[in-house]
Amino acid sequence: MNHVIIVAGGQGLRMGADVPKQFLPVGGRPILMRTIERFHAYDGAMNIILVLPESQQAYWRQLCRDHHFDIAHTVVVGGATRFESSRNGLDAIPEDADGLVGIHDGVRPFVSIDTIERCFDAAEDAYAAIPVLPVTDTLRYVDRLGGGKNVLRSDYRVVQTPQVFDIALARRAFSQPFRESFTDDASVVEALGCQVPMVEGNRENIKVTTPFDLIIAEALLRHPTT
C-alpha cells in the first residue's frame, strides 16, 4: 500500500485572510480538499494522512460536512515545525507497514497525476524521489554585506512535492534530532548520507501562499493543463 502525508499547518498570514490558507476556496472548494483529491485520483486505495494543528481540526471536520467530502483520511496533530509535522505523520503509519510514503504540501492542489506517478515509480526503483523544475529566472547570490553576483541557473532546480521515500528510510531519517539545515523532507533524508534522485515536476504545481497565487489558482481551474 502507498501512503501520503499531507502537511497543512499554515496560518495564512501572507494571505491576510481570516482562515488558514489551506481552507481558502478555489473554485468554490477548499484548497486542501483539492489536494487530497489529486492523490485519491492517483491511487484510490492510498492511505492518506492529513497533518493539521489541533486548533484547526474542528473547522476542517465542519468543512468536510459542508462540502460532503468523503474521501477517507486520517487526521493527526501537527508539530511546531515542518520536521515535527512530517514525523507525526510517519508515526501514524502502522509499524509493520512497508512500501513508500509521499510527503506533500497541503497547499499544492495542482500537482499532476503524472508527477505523482513519476515520484512513486522512481522511489520504487531507488529509495527516494523528489520532483523538480529547471530555473527560468536569472539568479543572483547576495552576500552578508549586500554585495552579490549572478550564478548559473543551470546549476539549480526548483524543488516541489510530493517527496517520496521508502518508509523504513523515512523513519530512520526522522529519528534524527532536528537541525536548522532541514529545509524540506529530502534534506532530512540526505542528512543520512543518501543521494535523493530527482524527477520532472509540473509547472502548475504551485504552492498557494499569497493573494497572487490565488489568482493563478483560479485561472488554472478555468484553463486546466493537468
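Rules behind the numbers
Counting starts from 1 at the beginning of each chain's written sequence and moves along it residue by residue. Only residues with pLDDT of at least 70 get local features here, since the model is predicted, and only at 80 or more are side-chain atom pairs given and counted; chain-wide, interface and lining totals rely on the full set of residues. In computing side-chain values, all of the structure's heavy atoms are included and hydrogens and water are not. UniProt positions are given in the numbering used here, feature names are shortened, and annotations may be inferred rather than shown by experiment. The pairing test for Phe, Tyr and Trp rings, Trp by its six-membered ring, is centres within 6.5 Å, and the orientation test on the planes gives stacked under 30 degrees, edge-to-face over 60, and tilted for anything in between. A helix here means a DSSP run of H or I that spans at least four residues, while a strand means a run of E at least two residues long, and both kinds are numbered starting from the N terminus. Using a 1.4 Å probe on the protein chains alone, a residue whose accessible area is under 20% of its type maximum counts as buried, one over 50% counts as exposed, and one in between counts as partly exposed. Here a strand pair is declared whenever DSSP counts at least two bridges between the two strands.

Per an unreviewed UniProt entry, the protein chain is named 2-C-methyl-D-erythritol 4-phosphate cytidylyltransferase, and its organism is Segatella baroniae F0067. According to its UniProt record, the protein chain has this under Pathway (unreviewed entry): "Isoprenoid biosynthesis; isopentenyl diphosphate biosynthesis via DXP pathway; isopentenyl diphosphate from 1-deoxy-D-xylulose 5-phosphate: step 2/6."

(A) Seen up close, the packing of aromatic side chains. All chains considered together, the criterion is met by eight aromatic pairs. Taken together, a centroid distance of 5.3 Å and an interplanar angle of 65° make the contact between Phe 23 and Tyr 59 edge-to-face. Here Phe 23 is found in the loop between strand S1 (3-7) and strand S2 (25-26), whereas its partner Tyr 59 is found in helix H2 (residues 54-66), with 36 residues between them in sequence. With a relative accessible area of 3%, Phe 23 lands in the buried category. For Tyr 59, a relative accessible area of 38% gives the class partly exposed. Consider the rings of Phe 178 and Phe 182, whose centres lie 6.1 Å apart with planes at 75°: the pair is edge-to-face. For Phe 178, a relative accessible area of 38% translates into the label partly exposed. For Phe 182, a relative accessible area of 9% gives the class buried. One aromatic cluster is present, formed by Phe 23, Tyr 59, Trp 60 and Phe 69 through successive ring pairs.

(B) Molecular detail of the UniProt feature "site: Transition state stabilizer" (unreviewed entry) in the protein chain. According to UniProt, the "site: Transition state stabilizer" (unreviewed entry) feature falls on Arg 14 and Lys 21. Tracing the backbone through its elements, the reader meets Lys 21 in the loop between S1 and S2. Classification of Lys 21 by relative accessible area gives buried; the value is 13%.

(C) Molecular detail of the pairing of strand S6 (residues 100-105). Counting buried residues along S6, six of its six residues qualify, which places the element largely inside the surrounding structure. The side-chain alternation of S6 yields two buried faces, one formed by Leu 100, Gly 102 and His 104 and the other by Val 101, Ile 103 and Asp 105. Here four bridges tie S6 to strand S11 (residues 163-166), and the two strands are oriented antiparallel to one another. Its bridge partner being in S11, Ile 103 is matched across the sheet by Gln 163.

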